[in-house]
Amino acid sequence: MWIPTEHEKYGVVLASFRGTVQHGLPLEIGDTVQLLEKCEGWYRGFVHKNPNAKGIFPCAYIHLKTAHINNKGQFETVIPTEDSVITEMTSTLRDWGAMWKRLYVVKTVQHTHKNDGDLFHRLWHVMNEILDLRRQVLVGHLTNDRMKDVKQHITARLDWGNEQLSLDLVPRREFSMVDPDEISVTELFKLMEHRHRKKETPVPASTHHLFVHMKSLMSSNLGEELEVFFHIYDGRENRPLSERFFVRLNKNGVPKSPEKTERQCTLFVDLGSSDLRKDVYIVVHIMRIGRMGTGEKKNLCSVQYRRPFGCAVVSIADLLTADSKDDHLLKVYACTTESEWYQIHENIIRKVNSRYNLSGSNTGLAVSLQLLHGDIEQLRREYMVLFTRGVSITKKLGFSDVIMPGEMRNDLYMTLEKGEFEKGGKSVARNVEITVYVLDIEGQVMKSYVAAGSGEPGGDVYHSFVLYHNNSPRWAEQIKLPIPVDMFRGSHVRFEFRHCSTKDKGEKKLFGYSFVHLMQEDGRTLPDGTHELIIHKCEENANLQDSSCYLKLPFSKANLPGNNQAVKGTKESFWITSFLCSTKLTQNGDMLDLLKWRAHPERINDSLSKLKEIDGSEIVKFLQDTLDTLFGILDESSQRYGLKVFDCLVHIINLLQDSKFHHFKPVMDTYIESHFAGALSYRDLIKVLKWYVDRIIDAEHQDHIQQVLKATEYIFKYIIQSRRLFALATGGQSEEEFRCCVHELFMSIRFFLSQENKITSPVTQTQAVFLRTFPAVYGELLKIFTVREVAGFVRETLGSLPATAHAECPLEAVKLHCIARTVESQLYTNTESRCILLPVVLRLLQAHMQEQRDLVMCARILTSMLSLIRKYDSVATEPVVSEEVDLIVDSLLVVLMRTILEITNRPQPAGTNMRLQFQDITGEFVACLLALLRQMSDKHYQQLLQAFTSKDDLRDFLLQIFTVFRILIRPEMFPKDWTVMRLVTNNVIITTVLYLSDALRKNFLNDKFDYKVWDSYFYLSVIFINQPCLQLESFSPSKRKRVLEKYGDMRVMMGCEIYSMWQNLGEHKLNFIPAMIGPFLEVTLVPQPDLRNVMIPIFHDMMDWEQRRSGNFKQVEAKLIDKLDGLMSEGKGDETYRELFNSILLKKIERETWRESGISLIATVTRLMERLLDYRDCMKLGEVDGKKIGCTVSLLNFYKTELNKEEMYIRYIHKLHELHLKAQNYTEASYTLLLYDELLEWSERPLREFLNYPMQSEWQRKEYLHLTIVQNFDRGKCWENGIILCRELADQYESYYDYRNLSKMRMMEASLYDKIMDQQRLEPEFFRVGFYGKKFPFFLRNKEFVCRGHDYERLEAFQQRMLNEFPHAIAMQHVNQPDQTIYQAEAQYLQIYAVSPIPENQDVLQRDGVPDNIKSFYKVNHIWRFRYDRPFHKGTKDKENEFKSLWVERTTLTLVQSLPGISRWFEVEKRELVEVSPLENAIEVIENKNLQLRTLIAQCQSRQMQNINPLTMCLNGVIDAAVNGGLARYQEAFFVKDYIVNHPEDGEKIGRLRELMFEQAHILEYGLAVHEKFVPQDMRPLHKKLVDQFHVMKSSLGIQEFPAYVRASPVHFTNGSPRSSCRNSVPNIISPDGARVVARRSPLTYPAVNRYSSSSLSSQASNEVSNITGQSESSDEVFNMQPSPSTSSLSSNHSASPNVTSSAPSSARGSPQLQDKHKHSRENSCLSSRERPVSAIYPNPLDPAQRATPHQIGDTTLPRSDPNLSAPDKVRPTFSSWSLDSVKEVNNTQFSDSVGKLLCPPVPPRPPYSGSSAKTMRSQSPVPTSRSPQKSSLPPFTPSPTECQSAGLVSNSPVLSGSYSSGISSMSRCSVSEASGTEATTGDHPAHQGPTMPNSVSSGSDELIRRENKTPPPYSVYERTNPRRPVPLPHSLSIPPSVEPPALPPKPHQQRTSSMKLDPASDPRRADGVPQVPRPRPLPRKVSQL
């Protein structure tokens, strides 16, 4: 039985549990669980991370933890009762864990910056460190101090990690997280600010330390031991700042004791900030220990001397810029003359090069130097390793900047400066060495008290270094004598002088001595400074051990009596400098006199007077003794010395205000508490203090009085403590007297404070001094007086201040400062005293805030006041708190809001410090406002609102508070990571808004409606909901849970409030339509389902009210559409929102009368959302460019066609343009920008600044666009299109006589022509892609596209690219159209195969003599239709001859726009499926091979081929296949009697096949003749074999002699022309009557396309290509006639291997084993390299795979005529002769009456400019002839949807529905007819005559190419009416394709006229030929200002 758990409530999972049992709950190790019930070893409960899933799990898997239970019962919450730091650690590490894993993914997958990788590793280390520390805390074995340290480490690391991961700043107090509900908002702000400041601006340390580690000395001339001395030297004052650090080095230059690190490392401590400057140096002196001279022999002398070696210097400033711990190699310098040694470091610093030089080129001192900051204790914690290893401390000379009490130091420093010695009977100067001893009072040498420096222990004796032969040596050598204080008295130092002889075995001979006493008889120590000591001569064997014999002698020349001139006159002297650094000894006699006042009572007056002159450091040394002395004198002689003692006391108190002695204040406090014994002193102190206060007003000089008042705090401390001691001693006697004295004192104070004086008056300054110190007195008074009494003193004292003070008066600031300290004092914390003091404080505060004065201090006061008012005060104090809140609200609420408004609207100050201060006070005032509002209850709000006497006041208040709330919500109000503060702010705001909305409803509705207040309310609500800090979806699960538990979802609360308020508006809703549509839409886009359900119905309400007002809701629709784009591009909204929006609104409008129009609006908006969501998804980082471009095209077209939003349309044009440039799709980028170009005209109309365009005229912008487009066409190698634009620009320049630019444009045009002829262009592949399934984006879903591949991209590469773009897609393995299950599947299916382009401009391609460079453009540009062939067997397959049943299924795809265009892919608009019979197939195959042979033979004859191999291989392939039965199979299949009888309708086709076979034989014969002429010698045997095989082939076909029609023209080329004959010197061997035969074509024929492998005469489709590389092919299968389907990518000459040219399946290549259509379609799956069914044997007209570069053989396209015309209808046209002066009409005698064709050279030459293009022009094109009947019937054209609005010219194009506008779109300024040229005339006009069109241009070529709404190559230029400029606009480079070959394009300016009329015959829409009246061009609309 399941029993509810009582105490077992909370646990942690010890091991993972799968939960496989019934009702089992899966658990992961580390999860925390809440336990609900227990039963026989099982618990029932839930995991905290998913509380909704409850289940059972074994007890053994759970470790129980103690927990605290709230709300026991069904809704209980369990809080673990562990240390809050542990709880925080656990949750934080969980959050970090997830983020850390993401960092790993970022690091490894995306290979991001080094910083991310570093963070990954650093976070890993910190997490491990926290886990270790957590373990220590959990074990619970730590001491309190250690626990504190560990928690500090933990919180520091948690904060570091949170900062690195951009997580929230955690407010803490003593390491524990703070609950914001349990402290006031002002306190919370202070905590946050403190932690933020700590993070942002670390306080600069005032104390610094230098760490030095001596490593080694590198030098070539070592060999002696060395001594190295470091010290810090002040180059400005030329004195050492520190004592010396001493290291001994061995003979190798490394430290002698490497194991003792304290002898190698030191810390120069207590450097002040002023010491870190450029002229402070580290100076290093090096001494060697050895012989006198470095060159002396070793055995000459055994005595060791200390001799100078070298010196090194480095500036401390260099260390400030260096890395944390650098190794330095210091250069070592030596003296040029030894006597300069004492100042070598100064010479190096001053760079006196003549006095020193490098001691050796390779001599260097290796030292590690590091500057550390902070006090020494802090360093001990931070650098524990440093101190545990051992480091010596090197002290500063003198005290540090701050002297700490308790610091014990007693160091005497002596510097051996110099000496003056006589020769002593020697011929040369002496080598003097000094030996130093310290002796005690008994004359014994003191052990270990002579130290050369830190680092080495002190010794008994010190030897100076020796200067060679110098009687005036200067040593400047410092030694330290750390003698204990108690041993100073009677001690002396003795200096012995010896001559060090370099001879006589190196003996050191004593010749004199000096000594000095360390303490004088009166107790003063040796004064600091230089002392000249007397040198007493003595013999070498003199006994100095008995010090008494010489101590009576004089020691200093300064102290000699006047009569001892003999000693004064001696030349020999010795100078030393002494410096005492002691906390116990003094050198000051006056100090000693004062301390010994009882011994000399007569000196008391003097001593008290001199106290002020004594150095402060001397006074603080003896602080307690001095104070005892003063109060002793006061007690004994108060009448006589009372005033002087008081002044001395004031002096000492004020001395402690100095920052240097500030730390001695606690010493004085301790003295007062523990040592002070002046029980009677209070009377004298009060009396003297009152005496001074009473004299203030009359005194001329206020300085001394101000000093007295500065000391008020401590004077009161002495008074109060004295009184307490007296009361304790006497049992409280004289209490009343004392109180009277204090009252009288305060009366005097109030009197002097109440005086009004001038601003500059000294009394005013004295008042200010008193107010600064007054708050410090409160605490002392409270020791004796009650709280109410003290509060009364304070209120009366502050109240006595003059009220009317000037704003600039300094007293005002001081007054406020005094109030601040009062509020922060202990007195104010008591509720009783608060009631007394609050009115005074509020009055002063209100006055300052109203005048905006001293706001920093006001903020501080307000913060302190509100911090004391707890939200959860005890019940007893609640009435008091409520009263206080009342007072503060009445006085300050309005003024506080006004202050916040004024501060935030002020410009921020420039200085960084000022700006920080400015931000701080804003934050503080905000925190105060929030704290106040949070304290307000219902009662307070009611009182506040009732207090407003008029509606205007209430209105102003509401507007003000709503504005303030909007400011508080701003992101910049608090730092980014202050989420806790933001949530508190929002909680306060929503609570307040709920109170105020009632007031809004009651006071500002119906007839009292106020739009401004309501608008402010709604605006606030909207930005409240949209705050980033409330978007819980972006939070981690744990953070989201915490927020929801504490505050709930505040967005939903505010949303419900908005809805409620909206419903109250009634008819006033119309005031907010359409203004609030955008804001409300933004709210509904927030991904919160409840909020959306509440807010979306408001749109229905808006539609309804708008419908009532206007009869429609166009405003609503327009606003929705405008706002959606911006909002969704910001990342708002999702698919769920789209569905919800649709469903809620459709449901709402079901019963409305306007339902239909409502549904239309909802559908439009929903479709826009679909596209915007797709666009946003595609624009995400990491998405491929193809997706982005396709999506942008879809959205761009939607804006143009469906929404008619021109500005958005233009914006997306530019976005698409940028995407293309980024993807290097330069051609597409040009087409895209051309869309904008088309919207502009050549006019001077000014355009506003837009996007990146400046303000400029329309002409300038259009010129810029033209130039940009030309540049991109050039980069995209689409030069033909660039030429058209160049011409148009040239015309503009010419019309303006801008010949400079005209010249540049002509040169640019010429360069484009050059590039067409000279540069190679790759022909791209085309691929058909089907996107099936619901998982594709909307713009792709269940659609098929044709895509233009990249350069060199073949099918496999394209497939792989598509699968990479859509990684979840499944590649379909067949080419059949998918069924509905695929369409509706919740998946992605891709179907990809290659297709062949069908060029529209056949005429250019069929011309002979047109270079391949030009043809290649027309093969792959402006392509609308693409073809794909799939072979299959119909009926029973004949195994003997499969050609009998081999059919071809031919699919033709028509696109919505031609490629290339604004995208690399366009959707398929129409599919056409036809089946090609076996016979037609055979005709086509043979015909194609014939064409290929003709091409190769012609190239060979014209010597275009570098190599004859291609012709050899082609001949070999055809002859070999024919000999082995290839053609015979056709004969067997189609020439047998059965076939002819069964297919009588194929008679003509059979005849055609026979003709082609004979023709092929004849071509082969001719080809062999040509081959024989050019074949090289080594290939003669092959040629002979071919000739022999050819005869066998002829006989096998039964050909003895060729028929006449074949003989007449065996190799006739229909694309040959007189023009080509003239141009090429190729003998024309073709008879003129051969045209009839060659012109005949099967209805299914297409142009040949450079395909060797396309011939069906070889089943191995790659054999010809293989033969290029010398591979032979099997001749058995050459005539096998098996179709070889191939893809356009793998059968191309660009393919990597020639062996993959045929991509037919193996079953379709060599053997007739295809069984049926279905098997074939299954096997010909999605495009593996060898299994793709695409036409290889049935070649496409322009299969890209078979194209070669112009240098390759076989790529000249042979002529093909229109497959829909029968052979007799096709004639060979003559060439057109062009001249620069005129254009002649050429009558083509070979044109038949019914059909004629116009030739079109790719870019015709330009005619001369004919002046004004507005003149009447006649058509200059060659004669257009009528079309065949079936081609002239065109589908009806759909007019533009907005045609009725733009009364322009007739437009037959839909409005940019995914295709190029063929004129100007419906949104542009006019519409243009698609077919503006001249249609071929029928009947009325003779074929040779072009119609004349008055006032218009009739371009036959332009018209003939406009069919079926398609686009001609390379650029369609349509006429337009332009009343302002003669030169109209070019339109898109793509119009619908023509079915007929295009005519010659006219010269550009002939197409441009100032007016335009349509010839009835030229307009395909006018079947009746009735001319239409041209419409005038409409006025430009506003958007065209863009």
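Quantities reported herein were computed from a predicted structural model and do not represent experimental measurements.

> Even after reading the chapter, I still don't get the overall build of the chain, so can you show me in this structure?
In terms of regular secondary structure, the chain is built from 66 helices and 40 strands. Out of the 1986 residues in the chain, the part that is buried amounts to 57%. Sequence separation of 24 or more characterises 74% of the internal contacts of the chain that already satisfy a separation of 6 or more. Element-wise, carbon and sulfur atoms account for 51% of the exposed surface of the chain, whose accessible area totals about 83,400 Å².

> Can you help me understand the packing of helix α14 (residues 623-636) against helix α16 (residues 665-675) in this one?
Relative orientation and spacing of two packed helices are given, respectively, by the angle between their axes and the distance between those axes. Closest axis-to-axis distance for the α14/α16 pair is 10 Å, and the angle between their directions is 50 degrees. For the element pair α14 / α16, the angle class is oblique. In terms of crossing hand, the pair formed by α14 and α16 is right-handed. Across from Leu623, Gln624, Leu627, Asp628 and Phe631 in α14, the residues of α16 making contact are Val667, Met668, Tyr671 and His675. Looking at side-chain class alone, the contact of α14 with α16 contains six nonpolar, two polar and one charged residues.

> Sorry, what's going on with the packing of aromatic side chains here?
Two descriptors summarise a pair of aromatic rings, namely the distance from one centre to the other and the angle between the planes of the rings. Within this structure, the stated rule accounts for 75 aromatic pairs. Their ring planes at 55 degrees and their centres at 6.5 Å tell us that Tyr43 and Phe57 sit as a pair that is tilted. Of this pair, Tyr43 sits in strand β4 (residues 42-47) while Phe57 sits in strand β5 (residues 50-58), and the two are 14 residues apart along the sequence. For the pair formed by Tyr43 and Phe57, the shared burial category is buried. With centroids separated by 5.7 Å and ring planes inclined at 75 degrees, the aromatic side chains of Phe1331 and Phe1345 adopt a geometry described as edge-to-face. Of this pair, Phe1331 sits in strand β34 (residues 1326-1332) while Phe1345 is found in strand β35 (residues 1343-1348), placing the two residues 14 residues apart along the sequence. The buried category is assigned to Phe1331, whose relative accessible area is 0%. Here the aromatic residues Tyr682, Phe716, Phe726, Phe738, Phe746, Phe752, Phe770, Phe774, Tyr778, Phe785 and Phe793 are joined through ring pairs into a cluster of three or more. Residue placement shows Arg683 over the ring face of Phe726; its charged tip is 5.1 Å from the ring centre.

> What is the right way to look at helix α30 (residues 938-946) in this model?
Think of an α-helix as turning once every 3.6 residues; residues three or four places apart then point the same way. Of the positions making up α30, those classed as buried are His940, Tyr941 and Leu944. Taken end-on, α30 shows its buried residues confined to a sector of 95 degrees, consistent with a single buried face.

> Would you take a moment to explain the sheet that holds strand β30 (residues 536-537) for this structure?
Within a sheet, neighbouring strands are paired by backbone hydrogen bonds and run either parallel or antiparallel to one another. With respect to topology, five strands assemble into an open sheet ordered β25-β24-β27-β28-β30, the strand pairing being antiparallel. Two strands lie at the open edges of the sheet, namely β25 (461-463) and β30, each paired on one side alone. As paired elements, strand β27 (residues 492-500) and strand β28 (residues 508-517) share nine bridges and run antiparallel to each other. Residue pairing in the sheet places Glu496 in a bridge with Tyr513 of β28.

> I'm lost on the pattern of salt bridges in this one. Help?
Any two side chains of opposite charge can pair, on the condition that their charged atoms come close. Here the structure, examined in full by the defined rule, presents 104 salt bridges. As a salt-bridge pair, Lys49 and Asp31 come within 3.4 Å of each other at their nearest N and O atoms. Here Lys49, found in the loop between β4 and β5, pairs with Asp31, found in the loop between β2 (10-13) and β3 (32-39); they are 18 residues apart in sequence, far enough to count as distant. Note on Asp31: relative accessible area 8%, which makes it buried.

> Whenever I open this one, the nonpolar core confuses me. Can you help?
Inside soluble globular proteins, nonpolar side chains tend to come together where they are buried. Ranked by size, the top nonpolar core spans 308 residues in total, and within it Tyr718, Met865, Phe1018 and Phe1080 carry the most contacts. Contact partners of Phe1018, with chain neighbours within four places excluded, come to Ile1058, Met1061, Trp1062, Leu1065, Phe1072, Met1076 and Phe1080. One finds Val283, Trp341, Leu481 and Phe488 within the second-largest nonpolar core, a separate group that totals 55 residues.

> How do you make sense of the sheet that holds strand β29 (residues 529-534) when you look at a structure like this?
Read across the open sheet, the four strands follow the order β26-β23-β31-β29; overall the sheet is antiparallel. Each edge of the open sheet is held by one strand with a lone partner, namely β26 (474-481) and β29. On average, each strand axis in the sheet is tilted by 25 degrees relative to the strand beside it, whichever way the strands run. Across 10 bridges, the pairing between strand β23 (residues 410-420) and strand β31 (residues 573-582) is antiparallel. Paired with Glu420 across the bridge in β31 is Ser573.

Thresholds applied
Residues numbered from 1 in each chain as written. Predicted model: local features only at pLDDT ≥ 70, side-chain atom pairs only at ≥ 80, totals over all residues. Heavy atoms only, no water. Helix = DSSP H or I, 4+ residues; strand = E, 2+ residues; numbered from the N terminus. Buried < 20%, exposed > 50% of the residue type's maximum accessible area, 1.4 Å probe, protein only. Contact = heavy atoms within 4.5 Å. Areas by Shrake-Rupley, 256 points an atom, 1.4 Å probe, with all protein chains shown as cover. Axes fitted to C-alpha atoms, helices over the stretch in contact; angles between N-to-C directions. Parallel < 35°, antiparallel > 145°, perpendicular 65-115°, else oblique. Left-handed = near helix turned anticlockwise from the far one by under 90°. Nonpolar A, V, L, I, M, F, W, Y, C, P; charged D, E, K, R; others polar. Phe/Tyr/Trp six-rings, centres within 6.5 Å; stacked < 30°, edge-to-face > 60°. Lys NZ or Arg CZ within 6 Å of the ring centre and 35° of its normal. Arc of directions from axis to C-beta. Pairing = 2+ DSSP bridges. Salt bridge = Lys/Arg side-chain N within 4 Å of Asp/Glu carboxyl O. Core = buried A, V, L, I, M, F, W, Y, C linked by side-chain atoms within 4.5 Å.

These figures come from the coordinates and say nothing about function on their own.
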